[in-house]
Amino acid sequence: MQCKEIKNMAVPSSSFTLIHKKFRCRRMAKQVCEDKDLPDINTLGSFQSVPLEIFHMILGCMPVRDISIFSMTSRTISSHITTYIYSPSGILRLLVQDFHNSGLEDGRQNISILEHYKYLGLLLKRCTLLLSTKKRLNYTHKLLSQVPCFKLGGCASPMKCVGLSCYGLFLQVLTAGWDEMECHRVYNTICNVTNLPRKVQSLVSGTPGSSCKQELYVRLFCRNVLLDHWVRCKDTVFWLTRLLKPWPLVHQARLLYILFGPVSTTDGYILWKNMTQSVVDEKSLEGLATTIKLLYETDVKGWTADDVISLVEELTVVPNEWLLENNARFLILTGNSICFSMLARKAVKGRRMDLARVMVFLALVCQKDLYCMEWAVNMMRRVSKFFSTNEERKCFLGHVEMSFACTVTDMLQSVLVAEERDEEDVNFRNLFHLLKAQANFHKEILYLTLTPSV
Ligand SMILES: [Zn+2]
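Model, not experiment: these values are computed from the prediction.

What counts as what
- Residues numbered from 1 in each chain as written.
- Predicted model: local features only at pLDDT ≥ 70, side-chain atom pairs only at ≥ 80, totals over all residues.
- Helix = DSSP H or I, 4+ residues; strand = E, 2+ residues; numbered from the N terminus.
- Buried ≥ 20, exposed ≤ 12 C-beta atoms within 10 Å, placed from the backbone.
- Contact = placed C-beta atoms within 7 Å.
- Core = buried A, V, L, I, M, F, W, Y, C linked by C-beta atoms within 7 Å.
- Domains from an automatic or database assignment.
- Expected span 1.5 Å × (residues − 1).
- UniProt positions renumbered as here; feature names shortened; annotations may be inferred.
- Axes fitted to C-alpha atoms, helices over the stretch in contact; angles between N-to-C directions.
- Parallel < 35°, antiparallel > 145°, perpendicular 65-115°, else oblique.
- Left-handed = near helix turned anticlockwise from the far one by under 90°.
- Nonpolar A, V, L, I, M, F, W, Y, C, P; charged D, E, K, R; others polar.
- Arc of directions from axis to C-beta.
- pLDDT = per-residue confidence, 0-100.

## Here's the deal with the overall build of the chain
Across its full length, the chain holds 24 helices and 2 strands. Here the chain holds 454 residues, and 35% of them are scored as buried. Here the analysis covers contacts within the chain between residues at least 6 apart in sequence; of these, 71% occur between residues at least 24 apart.

## So, unusual backbone geometry
Geometrically, the link from Val318 to Pro319 is a cis peptide bond, its omega value of -5° lying close to zero. Summarising the element assignment, Pro319 is placed in the loop between helix 18 (305-315) and helix 19 (324-334). Despite not being glycine, Asn195 has its phi angle at roughly 65°, a positive value. Take Asn195: it is sitting in the loop between helix 11 (180-194) and helix 12 (196-205).

## Some remarks on the nonpolar core
One broad trend across soluble globular proteins is that nonpolar side chains are buried collectively. If you look at the biggest cluster of nonpolar residues, it comprises 106 residues, and the most contacted ones within it are Leu256, Ala328, Met359, Leu362, Ala363 and Ala376. Two domains each provide a minimum of three residues to this core, namely domain 1 (1-94) and domain 2 (348-454). The residues touching Leu362, leaving out its near neighbours within four places in the chain, are Ala328, Ile332, Ala376 and Met379.

## Some words on the environment of Trp375
Turning to its location among the elements, Trp375 is positioned in helix 22 (residues 373-384). The partly exposed category is assigned to Trp375, around which 16 C-beta atoms lie within 10 Å. Sequence-wise, Trp375 and Glu444 are 69 residues apart; in three dimensions their C-alpha atoms are separated by 9.5 Å.

## Details of the environment of Glu325
Looking at the element boundaries, Glu325 is found in helix 19. Aside from chain neighbours lying at most four places away, what touches Glu325 is Val279, Phe361, Leu364 and Val365.

## Some remarks on helix 21 (residues 352-368)
Over its 17 residues, helix 21 extends 24 Å from the first C-alpha to the last, a length consistent with the 24 Å expected when each residue adds 1.5 Å. Counting buried positions over the 17 residues of helix 21 gives 14, a clear majority of the element. Once helix 21 finishes, Leu370 follows within two positions and takes phi at roughly 60°, a positive value.

## Things to note about the UniProt feature "domain: F-box" (unreviewed entry) in the chain
As annotated in UniProt, the feature "domain: F-box" (unreviewed entry) corresponds to residues 49-82 in the numbering used here. In residues 49-82, the share of helix is 74% and the share of strand is 0%. The end C-alpha atoms are 19 Å apart.

## Considering the packing of helix 17 (residues 282-297) against helix 19
When two helices pack together, their arrangement is given by the angle between the helix axes and the distance between those axes. It is the contact of helix 17 with helix 19, at a shortest axis distance of 8 Å, that shows an interaxial angle of 45°. The orientation of helix 17 with respect to helix 19, classified from their angle, is oblique. For the pair helix 17 and helix 19, the crossing hand works out as right-handed. Contacts between helix 17 and helix 19 involve Glu282, Leu285, Glu286, Leu288, Ala289, Ile292 and Lys293 on the former and, on the latter, Arg329, Phe330, Leu333 and Thr334. Across the contact of helix 17 with helix 19, the residue classes break down as 6 nonpolar, 1 polar and 4 charged.

## Observations regarding helix 12
Listed as buried for helix 12 are Leu196, Val200, Leu203 and Val204. Down the axis, helix 12 shows its buried residues gathered within 90° of arc, on one side only. Residues Arg198 and Ser205 are exposed on helix 12 and point more than 90 degrees away from its buried face. Packing partners of the buried residues in helix 12 comprise helix 11, helix 13 (212-227) and helix 15 (249-260).

## Quick word on the confidence of the model for the chain
On average, residues of the chain score 88 in pLDDT, and 87% of them are at 70 or above. Here residues 1-41 is modelled with pLDDT under 50, and outside its nearest four sequence neighbours on either side it reaches 43 contacts, counting other chains as well.

Structure representation (structure tokens):
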């Protein structure tokens, strides 16, 4: 449609400004280049005789991806495309802000707004290729700062907005292949612009849930812009490390919960009481477990296995000590190594009773979530080797049996005192699962001890 408009326009050429005249003008000098970046007229090729306004119209008809390819033909063309990007018509066309709907027209293609921002990131990457990282980031900020939905807390309906995801994809494409030092600069720029560290500090040192909107904004910004778009685990861990490492362990755990903990499906607010007041399903724990696994398994500097295990210990008391069933389910989701390390740490510290209770709930979760009970028994065998004497080992096994008995009694009690029918049903089902778990756990032990080894 825009092409037709150009064809049908019968405006005398004298009303346009030719490109070679134009690049001497004040606007070009101010917006595009600084001294040495001035374009060379000879590299404009056939476009030398095209008035700037027409040149911009041509760009306006081209898909963003094609403009980014075109920008690589010469330094002069790249400069003129940069002028177009920052011109009112360029901004209007390129900074699409329809973040609360999906799909948009880009030339003849119908592409999603997310793809559009990917290509825009590519365009900026290519146009600013010859500049220093500092200048590239300045150019980028100058452009993106005009979009309210890209700001931390800048959108009125953040749950329906894909603005931050667009920003994240833009950033991913722009910074692809940049070294650590350059990515550090990107992070510092973002921190300066958003005041992120200060906002995080007030959240991790305040009462959980007291600034629920701010928690939501920080979560959405960090997840969508900094964490969720990377293909390589190393990249995700790099950005996560930037966010977590400035803080002491206890604050790291709080921030991790804000970023990956369970949230309400209606308003997106962090569900702080879930882990301590009710039994949660795997879905509520998945985000935290996957992130812990990522930190543990990815080989990046700044994180030792011990750091991660300490973080897990802190996490499971955020905001207060989690219910044992939630704790056990979380440990199973983090995988064999982390689960074993956590249990071994308890054994080494001589916390036998504590360890025995966790074993009971590991068996319960295996029963409920249909994991193999043999795994729980094997875990107990491996961990019991950490007790140096036979006496200690026997004492631990005795604690496991006592814990089964105590937990059954507690659950029976909760069935008897339930005031409503629904509550009674839930408690009864829980008791039923525990009795089955106990039976299966012991069955595996009997198999181990009574089956002759081949
Ligand atoms: Zn928005």
